[in-house]
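Summary of structural features
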Amino acid sequence: MDLLELIRKPWPWYVAGPLIGLTVPALLLVGNKSFGISSSLRHICAACVPAGLPFFKYNWRDGIWNLVFVTGILIGGFLTVQFLDNPNDMEIAPQTVADLKALGVNSFSGLMPSDIFSVANLFNLKGFIFFVVGGFLVGFGTRMAGGCTSGHSIMGISNLQGPSVVATCCFMAGGFAMTHLFLPYIMQLF
C-alpha cells in the first residue's frame, strides 16, 4: 500500500485517537499552549471588530498561533477534498443506516447526507432549525461552557480539569438528547 492510498482511507480509532491525543503534550511542551478551536473566533472578532466591546479588549496577537492553526485546518480540509478524496462511500454501521432511513435520510453518498445538508434546506423550517438555531445553540453553548468539545474533551480532561469533565458530560447528554428526543420530530418538518 502506498502512502497516498494510506492517507485516503479512514484511519482506525486506535491510530487517529492517540495522534489527536498527542497534540496535548506537544502543545504544552512547545509553548505551554492549550488546544481549542472556539477561541479562534474570539481572536478574529477582536482583530476585525473595532466596536470597543470589553470582551474583545485584549491582546489578540498572543493567540495568533491559534489563528494559524485554524487556517491550517481549513487549508488541509480544502486540499483533502480536492486531492485526497476517498472514492468509496462512507462506511456506516447497518443499524445506523436503518435508523437514519426510518427518519427519512436516504442519501449516504459524500460526507454529509444531502437530505439534511443541502442548499434547498436553507429556506425551509427544517433547515432553519438545523443551520440557524443549531448554529446559535452551538455558539452560545461554547461560550457558556468556556470552550468547545475539542478544548474541553481533549485538552481539559487530559489536564484533569473538573469543569472540562462536566462540560464534556453535558456535550454528550446534549448529543444524546438531540439524537433520541428532538431529531425524530425535526426530521418530520417540511
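Residues numbered from 1 in each chain as written. Predicted model: local features only at pLDDT ≥ 70, side-chain atom pairs only at ≥ 80, totals over all residues. Heavy atoms only, no water.

Under the annotation held in an unreviewed UniProt entry, the protein chain carries the name YeeE/YedE family protein and is attributed to Larkinella terrae. In its Sequence similarities (unreviewed entry) section, the UniProt record describing the protein chain reads: "Belongs to the TsuA/YedE (TC 9.B.102) family." The protein chain has a UniProt comment under Subcellular location (unreviewed entry) that states "Cell inner membrane". (UniProt positions renumbered as here; feature names shortened; annotations may be inferred.)

Glancing now at the UniProt feature "transmembrane region" (unreviewed entry) in the protein chain. Listed under "transmembrane region" (unreviewed entry) in the UniProt record, and renumbered for this structure, are residues 12-30, 64-84, 127-145 and 165-187. Secondary structure across residues 127-145 divides into 100% helix and 0% strand, with the first and last C-alpha atoms of the span separated by 25 Å. Taken end to end, residues 165-187 is 96% helix and 0% strand, and its two terminal C-alpha atoms sit 31 Å from one another. (Helix = DSSP H or I, 4+ residues; strand = E, 2+ residues; numbered from the N terminus.)

Bringing the nonpolar core into the picture now. One finds Val105, Ile116, Phe130, Leu183, Ile186 and Met187 forming the largest nonpolar core, which totals six residues. In contact with Met187, other than residues within four places in its own chain, are Leu103, Val105, Ile116, Lys126 and Phe130. (Core = buried A, V, L, I, M, F, W, Y, C linked by side-chain atoms within 4.5 Å. Buried < 20%, exposed > 50% of the residue type's maximum accessible area, 1.4 Å probe, protein only. Contact = heavy atoms within 4.5 Å.)

With the rule as written, the count across this model stands at five aromatic pairs. Arranged with centres 5.6 Å apart and planes meeting at 85 degrees, the rings of Trp13 and Tyr14 form a pair that is edge-to-face. The residues Trp13 and Tyr14 share a single accessibility class, namely exposed. When the centroid spacing of 6.0 Å and the interplanar angle of 15 degrees are considered together, the rings of Phe136 and Phe140 count as stacked. Separated by four residues within a single helix, Phe136 and Phe140 lie in helix α7 (residues 125-145), roughly one turn from each other. (Phe/Tyr/Trp six-rings, centres within 6.5 Å; stacked < 30°, edge-to-face > 60°.)

This paragraph deals with the packing of α7 against helix α9 (residues 162-186). Interaxial distance between α7 and α9 falls to 13 Å at its minimum, and their mutual angle equals 165 degrees. In terms of axis orientation, α7 runs roughly antiparallel to α9. The crossing of α7 and α9 is right-handed. Along the contact surface, α7 presents Lys126, Ile129, Phe130 and Ala145, while α9 presents Ala167, Phe171, Met178, Leu183 and Ile186. Its residues assigned to classes, the contact of α7 with α9 comprises eight nonpolar, no polar and one charged. (Axes fitted to C-alpha atoms, helices over the stretch in contact; angles between N-to-C directions. Parallel < 35°, antiparallel > 145°, perpendicular 65-115°, else oblique. Left-handed = near helix turned anticlockwise from the far one by under 90°. Nonpolar A, V, L, I, M, F, W, Y, C, P; charged D, E, K, R; others polar.)

With that out of the way, let us pick up unusual backbone geometry. Even without a glycine there, the phi angle at Leu160 is positive, about 60 degrees. Tracing the sequence through the fold places Leu160 in the loop between α8 (149-158) and α9.

This part is about the side chain of His43. Relative to the helices and strands, His43 resides in helix α4 (residues 39-48). Apart from residues no more than four positions distant in its own chain, His43 is found in contact with Tyr58, Trp60, Gly63, Asn66 and Leu67.

Structurally, the position occupied by Ser150 is in helix α8. In the structure, Ser150 is positioned 18 residues away from Thr168 in sequence and 9.4 Å away in space, judged by C-alpha atoms. Setting aside residues up to four positions removed in sequence, Ser150 forms contacts with Phe35, Gly36, Ile37 and Met155.

Take the packing of α4 against helix α5 (residues 64-83) next. It is at 9 Å that the axes of α4 and α5 come closest, and there the two elements cross at 115 degrees. As summarised for this structure, α4 and α5 are arranged roughly perpendicular, according to the angle between their axes. Crossing of α4 over α5 shows left-handed handedness. In this structure, α4 contributes Ser39, Ser40, His43 and Ile44 to the contact, and α5 contributes Asn66, Leu67 and Val70. When its residues are assigned to classes, the contact of α4 with α5 shows three nonpolar, four polar and no charged.

Three- or four-residue spacings in an α-helix give side chains the same orientation, since the helix completes a turn every 3.6 residues. Helix length check: α5 (20 residues) gives 28 Å between terminal C-alpha atoms against 28 Å at 1.5 Å per residue, within 8%. Of all the residues in α5, the buried ones are Asn66, Leu67 and Val70. Taken down its axis, α5 places every buried residue within 110 degrees of arc, on the same side. For α5, the exposed residues lying more than 90 degrees away from the buried face are Val68 and Phe83. (Expected span 1.5 Å × (residues − 1). Arc of directions from axis to C-beta.)

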